[in-house]
Amino acid sequence: MQPDAPPIDAHDLTVAYDARPVLRSASFTLKQGQMLSVVGPNGAGKSTLLKAMLGLITPDYGTVRFFGKPIDAVRPRIAYVPQIEAVDWDFPITVAEVVLMGRYANHRGLAGWFKRPGAQDRRLATAALDRVGMTAFATRHIRQLSGGQQRRVFLARALCQGADLLLLDEPFAGVDTKTEATLFALINEMSTQGKTVLIVNHDLQILSKFDQVLMLNQRVVAYGPPDRVVTDDNLAATYGGRLTLLEEADQRLAERRNERAHLARTAEH
Ligand SMILES: Nc1ncnc2c1ncn2[C@@H]1O[C@H](COP(=O)(O)OP(=O)(O)OP(=O)(O)O)[C@@H](O)[C@H]1O
Ligand SMILES: [Mg+2]
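Cut-offs applied
- Residues numbered from 1 in each chain as written.
- Chains lettered and ligands numbered in written order.
- Predicted model: local features only at pLDDT ≥ 70, side-chain atom pairs only at ≥ 80, totals over all residues.
- Pairing = 2+ DSSP bridges.
- Helix = DSSP H or I, 4+ residues; strand = E, 2+ residues; numbered from the N terminus.
- Axes fitted to C-alpha atoms, helices over the stretch in contact; angles between N-to-C directions.
- Contact = placed C-beta atoms within 7 Å.
- Buried ≥ 20, exposed ≤ 12 C-beta atoms within 10 Å, placed from the backbone.

Caption draft 1: Molecular detail of the sheet that holds strand 5 (residues 78-81). The strand order 5-6-7-3-8-9 describes an open sheet built from six strands, whose pairing is mixed. What marks the edges here is a single partner per strand, and that holds for strand 5 and strand 9 (219-224). On average, each strand axis in the sheet is tilted by 15° relative to the strand beside it, whichever way the strands run. Pairing between strand 3 (residues 35-39) and strand 7 (residues 196-200): four bridges, direction parallel. Bridging from a neighbouring strand, M35 pairs with V197 of strand 7. On the sheet, helix 5 (residues 147-160) packs against strand 5 and strand 6 (165-169) and is oriented at approximately 175° with respect to strand 5.

See below:
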């Protein structure tokens, strides 16, 4: 490993589905221990960005290096929680087993097959389940949980992997406000311990808690610390014309008010 190679170095990532570009030339670098929030409207390409970075879809153009290496060389060091889990819901798997799957990344033998998880793996999985407050559900079938509870279990699986870089696609979707605060604190604690975290989220209220914010709408509209990039102009550019239109409407209203005030004053004289 190069000593100071950043956990993420994405360069010019470009993805098109059926020749329709959805991600254009996205580049950014994330330093170790930093927490990054990726925001943008529905369909902006946020999930596509993550999938392209991880090689789950092949970018049309561009490169990514994790810790200075291509993904295949560092996969066990990266935990990924997708927005929608591809779970085989008919497969009889308990909550505890889902979390334990996080340990498999560490047990891939040279030939690519898995060693059985041991007592230490089980301890780590139990601890991770406890950290997300889901211990009481350990023996339940994953299908028998609410959406928010499932999100917590998938986060526990990522935590017990012991990865250095976490990529979480909307980990707080469908999670209640109190649990969101708990999970956020947990993730934040991991970043203070040197883990690097990328979170796709929709809650603009919490952006100031991140080290970096990436505003995406097909292209990177803005990237940097929240106090610099979370501006009205960048929000308007990211979320399309809507905010701008609102501003224009406000402006027209103000102009009309001024005109009326002017007419009223002229009439007085
Ligand atoms: N497999 C696919 N085939 C064709 N088009 C796709 C595919 N996956 C995503 N898209 C399209 O690509 C665009 C970006 O999708 P993506 O899932 O990356 O958006 P997103 O920013 O994650 O949105 P959301 O906030 O709704 O999760 C959308 O217009 C979507 O319809
Ligand atoms: Mg998405």
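Caption draft 2: Representation of the environment of T126. Relative to the assigned elements, T126 resides in helix 4 (residues 119-131). Owing to 17 C-beta atoms within 10 Å, T126 belongs among the partly exposed residues under this scheme. In sequence terms T126 and A138 are twelve residues apart; their C-alpha atoms lie 8.5 Å from each other.

Caption draft 3: Structural detail: helix 1 (residues 46-53). With seven of eight residues buried, helix 1 is to be regarded as a mostly interior element. Within helix 1, the full set of buried residues consists of K46, T48, L49, L50, K51, A52 and M53.

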